[in-house]
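Each chain, letter by letter, is given below.
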Amino acid sequence: MSEIRVRFAPSPTGYLHVGGARTALFNWLFARKRGGVFVLRIEDTDRERSSEEMVGYILDGLRWLGLDWDEGPYFQGERVEAHRECAHRLLDSNRAYRCFCSVEKLDAARRQAIAEKRSGAVRCACRSLDPEEAKRRGASEPFAVRFRTPEGETVAFDDIVYKATSKETNDIEDFVLLRSDGSPTYHLSVVADDAEMRITHVIRGQDHLSNAPKQILLHRALGNPVPVFGHLPLLLAPNKAKLSKRTHGEVVSLSFYRDRGFVPDAFVNFLALLGWSPGGDRERLSRAELVELFDLSRVNLSNAVFNFALGDERNWTDPKAIALNAEYLASMPLDELLPMVRPFLERASLWRDEFEGTWAAWFRRTIDLLRERCRTLADFAERGRPYLADEFEMEEKALEKNLRGKAEEIRGRLAALADRLATIEPWEAAAIEPAVRAFAEENALKIGTLMNAARAALTGTNVGPSIFEVFVIVGRERAAARLRAAEKLL
RNA sequence: GUCCCCAUCGUCUAGCCUGGUCAGGACACCGCCCUUUCACGGCGGCAACACGGGUUCGAAUCCCGUUGGGGACGCCA
């Protein structure tokens, strides 16, 4: 049995989006599961729309997800001579022909065919031109090279996902192989490169399903071994349209998920479950488990909706993705989490080198305390501010409800509590709690009122971890200072 | 318009191949418990086999049709 080789072949005409990332992931999983080779090929034959910058983004995205490739990146644009050579071979064997029609004329013919309720797969008149005559004309006239699609045949193939699939060749147009400027088109390049790179399994989006018969025909005409195809159901936007960077914007771009604080493993886990399931109830799956359980033939046949709602503060992207990310944040090894949090703190100007030096133990404890309440890495910067820095916002809600609203009861008591903090030993939750409770009792204060007021004073909010843990993390002096400051707001 | 593909809770899905289960799970949502906050956790609730015909003792499961959705039909990839 020869080696299994798959490829991910994005075109660098835009950012890597979530759908493309999933295609890459499924190729990667398939290769890793079967001990195959994962090839990365950049399909940059559309020179006008491709850019080097986009190539960089695509590589960054794959690296972020941890989808390491074994070969490449190869650039299709560097192989145009080989592709052209294929077209000429086809021309020589009469499996392709020269077409002298103008693009305008063809467009008009196609529109008319559709208007007359006929097939859109129009055949060009140049198909029946005498090859020798066409060759002579070609010396002085621009022409495109078209594939001579056989007539009256059925192309059948077994798709790993869609199983038995077939298409009548009469429904396939004579697609272009070489443009009139001599540049190869997608179909030709893909087929030539897949053969050259000895690709055994073509795993890609279902939007390519109707391209498979054309490519099979081309492979046969070229005398290549035909690869096995596996088409993946599409990822749809909430409005059920195919996901596209252009219409759906940055929220479908992979880099957006990195920037908004997703853990790569969590996002990979989520992506894997979009269109595939190992069967049963298992959902939280590590990368190793994914590789172990992955089975392309178990991929769903129907398209999956990727839910996002940018206007929605809480569920700006698929709630299930967020839930999974929160689960990873809460339970992943702290040592892996810490370095992921750092860039988000840096971006918010909350990072201090001491966090990795003299304050390392304290920092670990702080992040560990916060993680249960964070849904993205960005939340650490947002919720962590009162713990990590001295300037933080006093939320109006907290101020009104737990400080000013309770002014009669707590006036003078906050400052008194601040004094009391100095006497607590050791400075741990187990000692702070009884001391604070005793203080409340002595002052005829409801403990809840005092705790809520303290939370507002120390963190500026009315939500967060146990107030006694908060005291520990904020620290004796800072806590006292904040209590006194809050006293002045009453 | 032509061709191709698809169809289980709001969403992701298990079950379908090899008909017989209260159609299972997760997320979301709602309630209760835990907690004098929030979150986590626990318990419970809401919620689906698109429709119509067959085949069969019996259909989510097999067949046909309808409807709905998606994709392709480019000298884009």
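Please refer to the structure placed before this passage.
Residue numbers here run from 1 along each chain, matching the order of that chain's written sequence. Chains carry letters from A onward and ligands carry numbers from 1 onward, assigned in written order. Confidence filtering applies because this is a predicted model: local features only for residues at pLDDT of at least 70, side-chain atom pairs given and counted only at 80 or more, and all residues used for totals across whole chains, interfaces and linings. To obtain the side-chain values, all non-hydrogen atoms of the structure were included, while hydrogens and water were left out.

## Quick notes on the layout of surface pockets
Put simply, the rule reads: For each structure, a 1 Å grid was placed over the protein atoms alone; sets of points admitting a 1.4 Å probe that cannot get out are labelled cavities, open sets with protein on both sides within 12 Å along at least five of seven lines are labelled pockets, and lining residues have an atom within 4 Å of a point. Grid points are joined across faces, edges and corners, and a volume is the space filled by probe spheres set on the points. Under the scheme used here, helices are H or I runs from DSSP no shorter than 4 residues and strands are E runs no shorter than 2 residues, and both carry numbers assigned from the N terminus.
Here the largest pocket defines a volume of roughly 1,300 Å³. Lining the largest pocket are 38 residues, and of these Ser11, Thr13, His17, Asp207 and His208 lie nearest its centre. Among the elements of the structure, strand S1 (5-8), helix H1 (18-34), helix H6 (186-196), strand S9 (201-205) and helix H8 (245-248) are those that each provide at least two residues to the lining of the largest pocket. Looking at which element gives the most residues to the lining of the largest pocket, the answer is H1, with 4 residues. In this model, the second largest pocket occupies a volume close to 900 Å³. Glu313, Asp379, Glu382, Arg383 and Glu395 are the residues nearest the centre of the second largest pocket, which is lined by 30 residues in total.

## Some details on helix H10 (residues 264-272)
Convention followed: Relative accessibility under 20% of the residue-type maximum defines a buried residue, over 50% an exposed one, and the middle range a partly exposed one, all with a 1.4 Å probe and only protein chains included. Residue contacts follow a heavy-atom distance rule, with two residues in contact if any of their heavy atoms lie within 4.5 Å.
Of all 9 residues making up H10, 8 are buried, and the element is well covered by its neighbours. Along H10, the residues classified as buried are Pro264, Ala266, Phe267, Val268, Asn269, Phe270, Leu271 and Ala272. Among the structural elements, H1, helix H2 (52-65), helix H9 (254-259), helix H11 (287-293), helix H12 (319-331) and helix H13 (334-347) are those in contact with the buried residues of H10.

## So, empty space enclosed by the protein
Unoccupied space between atoms shows up once a probe the size of one water molecule is rolled over them. The criterion, for reference: When residues are sorted by character, Ala, Val, Leu, Ile, Met, Phe, Trp, Tyr, Cys and Pro go into the nonpolar class, Asp, Glu, Lys and Arg into the charged class, and all the rest, Gly among them, into the polar class.
Scanning the model with the defined rule gives 1 cavity of 30 Å³ or more in all. For the largest cavity, the calculated volume is near 50 Å³. Together, Tyr15, Leu16, Tyr57, Asp60, Gly61, Ser253, Leu254, Ser255 and Arg258 line the largest cavity. Among the residues forming the lining of the largest cavity, the class breakdown is 4 nonpolar, 3 polar and 2 charged.

## Comments concerning the nonpolar core
The line we're drawing: Joining through side-chain atoms within 4.5 Å is the link that ties buried Ala, Val, Leu, Ile, Met, Phe, Trp, Tyr and Cys residues into a set, and such a set is a nonpolar core.
Membership of the largest hydrophobic core comes to 118 residues, with the highest contact counts inside it found for Tyr257, Phe267 and Phe471. Looking at this core element by element, the count peaks at 9 residues for H1. Each residue touching Tyr257, except ones within four places of it in the same chain, is listed here: Val18, Trp64, Val251, Phe262, Phe267, Phe306, Trp316 and Thr317. Leu90, Tyr97, Ala192 and Leu217 belong to the second-largest nonpolar core, a separate cluster that totals 38 residues.

## As for the protein's contact with RNA strand B
The cut-off we apply is this: Only a single heavy atom is needed: when it lies within 4 Å of a molecule or strand, its residue is near that molecule or strand. For the purposes of these results, a polar contact is taken to be a pair of N or O atoms within 3.5 Å, where, inside protein, one atom must be able to donate a hydrogen and its partner to accept one; residues adjacent in sequence count only when each atom of the pair is a side-chain atom.
With respect to spatial proximity, 65 residues lie near RNA strand B, and among them Asp46, Arg179, Gly275, Arg373 and Ile447 are the closest. Taken together, the sugar and phosphate atoms account for 70% of what RNA strand B places within 4 Å of the protein. In the environment of RNA strand B, a sugar or linking oxygen lies 3.4 Å from a nitrogen or oxygen atom belonging to the backbone of Glu43. Side-chain polar atom of Arg179 to a phosphate oxygen of RNA strand B: 2.3 Å apart, as the coordinates give it.

## Topic: the packing of aromatic side chains
Defined as follows: Two aromatic rings, drawn from Phe, Tyr or Trp (for Trp, its six-membered ring), form a pair once their centres lie within 6.5 Å of each other, and the interplanar angle then sorts them: stacked below 30 degrees, edge-to-face above 60, tilted otherwise.
Evaluation of the coordinates by the stated rule reveals 25 aromatic pairs. Between Phe256 and Tyr257, the aromatic rings sit 6.1 Å apart at their centres with planes inclined by 85°, giving edge-to-face as the arrangement. The same class applies to Phe256 and to Tyr257, which are both buried. Pairing Trp427 with Phe471 gives two aromatic rings, centres 6.4 Å apart and planes at 85°, and the pair type is edge-to-face.

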